[in-house]
Amino acid sequence: MKKVFLLLLIALTFLALPALKSYATVTQDTTSTAPPDDIVFTEVGSAQDSAANKIIADTVKKDKPISQNNVEKPSSSTDGAEKLTLWQTFIKGLFGGFLAFLMPCIFPMVPLTISYFTKKAGSRKKGIGQAIIYGISIIVIYVVFGLLITVLFGSSKLNELSSSGWFNFAFFILLVVFAISFFGAFEITLPSSFVNKIDQKADTSKGLGGIFFMAASLALVSFSCTGPIIGTLLVEASSKGNVLGPAVGMFGFALALALPFTLSAIFPGFLNSMPKSGGWLNSVKVCLGFLELALALKFLSAADLVWHWEWFDREVFLCLWIVIFVLMGIYLLGKIKFSHDSDLPYVSVPRLFLAILSFSFAVYILPGLWGAPVSTLSGLAPPMNTQDFVLGGNAQASTPPTGFPAKVKYAEKLHPPRGFNAFFDLNEGLAYAKEVKKPLLIDFTGHACVNCRRMEDQVWIDPEVGRLIREEFVLIQLYVDERSIEVPANQVHYSEILRKQTKDLGAWNADFQATTYNSNSQPFYVLAGHDLKTLVAPQGAIFDAKEYALYLQSALDIFNGKK
């Protein structure tokens, strides 16, 4: 049963799709004329949301950037979203550490390490003390490594990279390489000379220094197994735009890695109850390789959307995921064997159940090829507007309302969610809203925004929500990571927030959101009148359709004078 529990951890990696939403309150500052210096930057597609209340902005001047006036700054209560994200990052790190512990490079080392401490210490009490120091040393090493990532790159730069096509494509290649390594084609190792020097230090040093270098040796020797997991965790944690993200992620990872060593020394019975090493450890590694390969496609999809390739659509993504999880199920049944796999004389019960789970997941996402929403993959899979075929209808958008332009600005590259009509230029959308006398739904979004896609695929498809957006509001989608579209020369200006010229549409939209609404998180929904004053407090992702419909209706009632 212990093996069942340990192996089930693998399956949870593709079933755990956390979604957090948070809200923030603000205080008023009616004298501010310069961009605020306390804006919290977050990842495009992260779980963080921020909101501002009663924000006042200038009306739009055609073909000119909107200036900031009377912008309110968030109060200290905005830290709530940050704390939730750090907690989420810690949990992911903890989970990654437990998976790393099951790797063939680490798991067999537990009894050897504990035996070494016990014999060298001479007494059980001293051995326990040294094992605790050993565990703390592991945590210190990984946390310092996480902090170095932030020091070298900076949270703002990592936040910008997370929405970059090059960053997403490079990470896709990296995860594919990690997956191939897990399949046994090669091992990712550090230079042997460097590892040998650390080993020599561990042998010759005495006291705390020797224990610390032993922990460093474990980190270096096991890099071939832990490197892919650490790489995945660090990039995700860093791209949150939080200075402490990488360190918190590494703390969770190191804690999970160090606990078994320490507990085995304190409670010898714990060591005896652990499953024995064997071929099942390599099976864990290979299964992680399949999961790394599936996750890599998410980053390829983001690069495709940012660069407007328009070839890696939803069907291609789902086909590859179906094949990957079918192959994973076949591997678990022993029908596929890699070079470093041991013989499988029979299929154990844990393998059978994991194979059933893998096959079932592949069958579950199969209807997505014909347009089923497949809500579990919302945000990971490409958006529905990339679907070429939908069973029962292939319309890309609903019938445009009366007076809606036949072609809106930037429509050659940007597309609204399936079933909706949207503007992608603020001035054009505002002019139309004034003409039809409807309020604005300004949707600050991004190509690489996971929660933006989840909102569109899970919430906007609700009949009441869809009706309100289509019939009662003018939808304006402002992409903050659109780099390929240049804005007119008279709109280009230097952004104090971004610290660069707003030459592309994404930079202009990001600067407008930050300086006007004091937020840089996506999705960010602003329900406003024709003067761009907010009707209700802007919100981030709201994954409850009824709650989101009430949110839309409350702004509509205010606009129509019912409140």
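Residues numbered from 1 in each chain as written. Predicted model: local features only at pLDDT ≥ 70, side-chain atom pairs only at ≥ 80, totals over all residues. Heavy atoms only, no water.

Caption draft 1: The arrangement of unusual backbone geometry in detail. With a phi angle near 55°, N518 is a residue other than glycine that sits in the positive phi range. Along the chain, N518 turns up in the loop between α18 (505–517) and β6 (520–522). Even without being glycine, L532 reaches a positive phi, approximately 70°. You can see L532 is positioned in the loop between β7 (524–528) and α19 (545–559). (Helix = DSSP H or I, 4+ residues; strand = E, 2+ residues; numbered from the N terminus.)

Caption draft 2: Quick peek at the packing of helix α17 (residues 463–472) against α19. Relative to each other, α17 and α19 sit at 25°, their axes nearing to 9 Å. Put simply, α17 runs roughly parallel to α19. The handedness of the crossing between α17 and α19 is left-handed. In this structure, α17 contributes E464, V465, L468, I469 and E472 to the contact, and α19 contributes A545, Y548, A549, L552, Q553 and L556. (Axes fitted to C-alpha atoms, helices over the stretch in contact; angles between N-to-C directions. Parallel < 35°, antiparallel > 145°, perpendicular 65-115°, else oblique. Left-handed = near helix turned anticlockwise from the far one by under 90°. Contact = heavy atoms within 4.5 Å.)

Caption draft 3: Molecular detail of the pattern of salt bridges. In the structure shown here, the tally under the stated rule is six salt bridges. Its salt-bridge partner being E471, residue R467 comes within 3.7 Å of it at the nearest N-O pair. Taken as a pair, R467 and E471 lie in helix α17 at a separation of four residues, close to a single helical turn. On the accessibility criterion, E471 (44% relative accessible area) is partly exposed. Salt-bridge contacts for R467 lead to E472; the nearest nitrogen and oxygen are separated by 3.8 Å. Take E472: its relative accessible area is 25%, and that puts it in the partly exposed class. (Salt bridge = Lys/Arg side-chain N within 4 Å of Asp/Glu carboxyl O. Buried < 20%, exposed > 50% of the residue type's maximum accessible area, 1.4 Å probe, protein only.)

Caption draft 4: Examining the packing of aromatic side chains more closely. Considering all chains together, one arrives at 33 aromatic pairs under this definition. The interplanar angle of 50° and the centroid separation of 6.2 Å between the aromatic rings of W321 and F361 together place this pair among those described as tilted. Of this pair, W321 sits in helix α13 (residues 314–332) while F361 is found in helix α14 (residues 349–365), placing the two residues 40 residues apart along the sequence. One aromatic cluster is present, formed by W166, F169, F172, W307, W309, W311, F312, F317, W321, F325, F361 and Y364 through successive ring pairs. Here the basic side chain of R454 rests over the ring of F543, its NZ or CZ set 4.3 Å away from the ring centre. The ring centre of F420 lies 5.0 Å from the NZ or CZ of R470, which sits over that ring. (Phe/Tyr/Trp six-rings, centres within 6.5 Å; stacked < 30°, edge-to-face > 60°. Lys NZ or Arg CZ within 6 Å of the ring centre and 35° of its normal.)

Caption draft 5: The arrangement of the nonpolar core in detail. Ranked by internal contacts, the top residues of the largest apolar core, which has 64 residues, are W321, F325 and L377. When residues of this core are assigned to their parent elements, the largest contribution, 13 residues, is made by helix α12 (residues 279–307). Residues within four places of W321 in sequence aside, it is in contact with A294, L297, F361, I365, L377 and L380. (Core = buried A, V, L, I, M, F, W, Y, C linked by side-chain atoms within 4.5 Å.)

Caption draft 6: Inspection of the sheet that holds strand β2 (residues 440–445) at higher detail. In space, the three strands of this open sheet follow the order β3-β2-β7, with mixed pairing throughout. Both outer strands of the open sheet, β3 (474–479) and β7, are each paired with one neighbouring strand and no more. Along the sheet, successive strands turn relative to each other by an average axial angle of 20°, direction set aside. Pairing of β2 with β7 involves five bridges; the strand directions are antiparallel. Each residue of the ladder has a partner; that of L440, found in β7, is A528. Seen against the sheet, helix α16 (residues 450–459) touches β2, β3 and β7 and runs at an angle of roughly 135° to β2. (Pairing = 2+ DSSP bridges.)

Caption draft 7: Representation of the environment of F312. With respect to the helices and strands, the residue F312 is situated in the loop between α12 and α13. The class of F312 is buried, set by a relative accessible area of 2%. For F312 and T386, which are 74 residues apart along the polypeptide, the C-alpha to C-alpha distance reads 8.5 Å. Excluding residues that lie within four positions of it along the chain, F312 makes contacts with L297, L300, S301, D304, F317, L320 and P382.

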